[in-house]
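Fold and contact review
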Amino acid sequence: MPNKGNEAHMSVKKLVSSTAAISSTKIFRLLAQFFVLPILAKYLSPADYGVVAMAMPLVMFSIIFADAGLGQSLLRHSTRDQKIWSTCYWLTIGLGAFLACVMASLGPLFGWFYDEPRVMPIILALAPAVFFQSSTTIPQTALQYEKRFGLIALIETTATALSFIVAIIVAIQGGGAWALVAQFLTMHGIRASGIFLFSTFRASFTLDIAGVKEHILFGKDVMGSGCAQFMTQTIDTIMIGRVLGTTLLGFYTMTFLFVRITFRIITGPLNYVLYSYLAPHHENITFIRESFLFLTRLLSILIIPVIGLIAAAHEPFFNLLLSEKWALTGVLFMIAAPAAAYQAIEALRFTYLLSIGRADTNLRIN
């Protein structure tokens, strides 16, 4: 990591250890999936994955708006103002409750759009996850602010393990697509419980709307960027589900579980930790530029060979892992491999632009 007198800005040791802590959660989830996916693939059909995938765009779109970008804005300040943080908390609580209600009300519309009656009850069941996400935004931001990444990793790992256990139980009992719904709800519910339990943040009953105006404006661009990125990543899912149906959408969804693996276990954790270190020093453009170039090159060395090997050996790899029933997944992964490698590396751009306050640039790029 280039420093040139910038040791005070970022401890490489702390960055690496913090990233490793968050990454360990993703690796655990990945390893768990290697054991759980074959079990779920045995009891669930591609159509089961497909019908849940039809509901997920609405869920994930709601989650993007659930935190309003306020947590990322708060991390850019070196002090914690209790009144400001509490105001942001109550705003996210209200927004989450509103979005969960909107999402539930749109369930029948999505069922009609896909011509799939199973979509509506699944959307209704998943709606509470949006509120879970919004209600934990500020308490989790406090954990990030204090750089308690080991604790965050422990919470995420526990939630992951319990959610997989629940999914397996429901699948074995013949729950079909509801095994995936139960997994998602358990993950968000356990995660929310852990964050509330261990976070040092406790909201006071105060509101200072004028004081959070700066954070709302910053969050607006963060949400806009997230929305644009979401649309580019999910419009294909919506169209495949609408035109080709649940079975082919199930293959496509399974493929992208693997396409995004490198982002989930490497780039994602690095972004999560990196922002907490970069944001307070957003004025040092030289340091930010040099660290960006260094990390981009490092990620290229790590990611491109791994994805290339899996793509080259896609047939035996996916047949062994998922069974021949899912063979089409390997073919789709081979086709998507170059984009998968590029996106995992390019994703660093979001964090670096955000750290220097250019959420508007992220929005335009997306």
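Every value quoted in this text rests on a predicted model; they were computed, and no experiment measured them. (Residues numbered from 1 in each chain as written. Predicted model: local features only at pLDDT ≥ 70, side-chain atom pairs only at ≥ 80, totals over all residues. Heavy atoms only, no water.)

Taken over all residues, the pLDDT of the chain has a mean of 79, while the share at 70 or more is 84%. Summarising per-element confidence for the chain, the mean pLDDT is lowest in helix α1 (residues 12-43) (68) and highest in helix α9 (residues 178-198) (91). Below a pLDDT of 50 lies the segment residues 1-10, which in the model reaches 21 contacts outside its immediate sequence neighbourhood of four places, other chains included. (pLDDT = per-residue confidence, 0-100. Helix = DSSP H or I, 4+ residues; strand = E, 2+ residues; numbered from the N terminus. Contact = heavy atoms within 4.5 Å.)

Formed by 69 residues in total, the largest nonpolar core has its most connected members in Tyr-49, Val-52, Met-103, Ile-122, Leu-126, Phe-258 and Leu-322. A per-element tally of this core places helix α2 (residues 46-66) first, with 11 residues. Each residue touching Tyr-49, except ones within four places of it in the same chain, is listed here: Leu-37, Leu-40, Leu-44, Leu-180, Gly-250, Met-254 and Trp-326. Leu-70, Trp-85, Phe-201 and Val-212 belong to the second largest nonpolar core, which has 11 residues in total. (Core = buried A, V, L, I, M, F, W, Y, C linked by side-chain atoms within 4.5 Å. Buried < 20%, exposed > 50% of the residue type's maximum accessible area, 1.4 Å probe, protein only.)

Here the focus is the side chain of Gln-140. Along the chain, Gln-140 falls in helix α7 (residues 137-145). Judged by relative accessible area, Gln-140 falls into the buried class, the value being 9%. Not counting the four nearest positions on each side in its chain, Gln-140 is found in contact with Arg-191, Ile-195 and Tyr-272.

Once that is clear, we can look at the pattern of salt bridges. Two side chains with opposite charge may pair up if their charged atoms get near one another. Counted by the stated rule, this structure contains 5 salt bridges. When the shortest N-O distance is used, the salt bridge between Glu-156 and Arg-191 registers 2.8 Å. Residue Glu-156 is located in helix α8 (residues 149-172), and its partner Arg-191 is located in helix α9; the two are separated by 35 residues in the primary sequence. Given a relative accessible area of 13%, Glu-156 falls into the buried group. For Arg-349, the salt bridge identified is with Glu-346, shortest N-O distance 2.8 Å. Note on Arg-349: relative accessible area 13%, which makes it buried. On the basis of relative accessibility, which here comes to 24%, the residue Glu-346 falls in the partly exposed class. (Salt bridge = Lys/Arg side-chain N within 4 Å of Asp/Glu carboxyl O.)

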